[in-house]
Amino acid sequence: MADRNADYTVPGLAKENGHEIAGLLQQRLNALNDLHLALKHVHWNVTGPNFIAVHEMLDPEIEKVRGFADEVAERIATLGGTPSGRSGQMVAERSWEDYPLGRASTQEHLTEVDKVYDGVVSDHRQVIAKVADTDPITEDLLIGQTKDLELFQWFVRAHLERS
């Protein structure tokens with residue numbers, strides 16, 4: 001059965017705009033779900049010096065990103081869209097490659113995680129710019145998430161930095 005949009009969106013927003021924004025948010029939901037899975041994968045497979053620091057650093061990031069996905073999914077539904085958390089759809093619709101590493105050192109994993117954050121943050125910022133004039137509520141939601149995602153990326157980069 002195909003997904004379909006509801007016959008409504010939020011008050012003050014044209015239905016077409018609400019459904020368009022819901023579509024943009026579905027891509028953010030896919031990215032956040034993928035980020036959550038990649039971070040958990042790293043959590044399980046990181047090795048070497050600083051293992052415990054990275055292993056424990058990732059837990060709160062993972063939980064926060066899972067919460068972000070839930071916020072985005074609920075915003076999609078509020079706008080009259082149909083949020084999808086199906087893995088097949090996520091993989092089919094994504095524009096990025098799968099996380100490349102298995103068991104690897106902290107430096108190798110953090111180098112790849114930095115790249116993942118680059119993509120997620122850049123794409124969040126693009127959607128912020130697209131919705132800014134139409135839907136300040138969605139804009140605000142994504143701005144708050146981007147602030148935290150940028151902070152998490154800084155944590156990663158601080159581990160990579162050479163003193």
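Structure's up top.
Not measured: the values here are computed from a predicted model.

### Considering the overall build of the protein chain
Summing up its helical and strand segments, the protein chain has five helices and two strands in all. The order of α-helices and β-strands along the protein chain, N terminus first, is α-β-α-α-β-α-α. Taking 163 residues into account, the globule formula puts the C-alpha radius of gyration at 15 Å, and the protein chain, at 17 Å, falls close to it. Along the three orthogonal principal directions, the C-alpha set of the protein chain runs to about 55 × 35 × 20 Å. Counting every position in the protein chain, which comprises 163 residues, the buried fraction comes to 44%. Taken as a whole, the protein chain presents about 8,900 Å² of accessible surface, with 52% of it coming from carbon and sulfur. Averaging the locations of the 16 positively and 27 negatively charged side chains of the protein chain gives two centres separated by 2 Å.

Rules of the game
Residues numbered from 1 in each chain as written. Predicted model: local features only at pLDDT ≥ 70, side-chain atom pairs only at ≥ 80, totals over all residues. Heavy atoms only, no water. Helix = DSSP H or I, 4+ residues; strand = E, 2+ residues; numbered from the N terminus. Rg over C-alpha atoms; globule rule 2.2 N^0.38 Å. Buried < 20%, exposed > 50% of the residue type's maximum accessible area, 1.4 Å probe, protein only. Areas by Shrake-Rupley, 256 points an atom, 1.4 Å probe, with all protein chains shown as cover. Lys, Arg positive; Asp, Glu negative; His and termini not counted. Charge placed at Lys NZ, Arg CZ, Asp CG, Glu CD.

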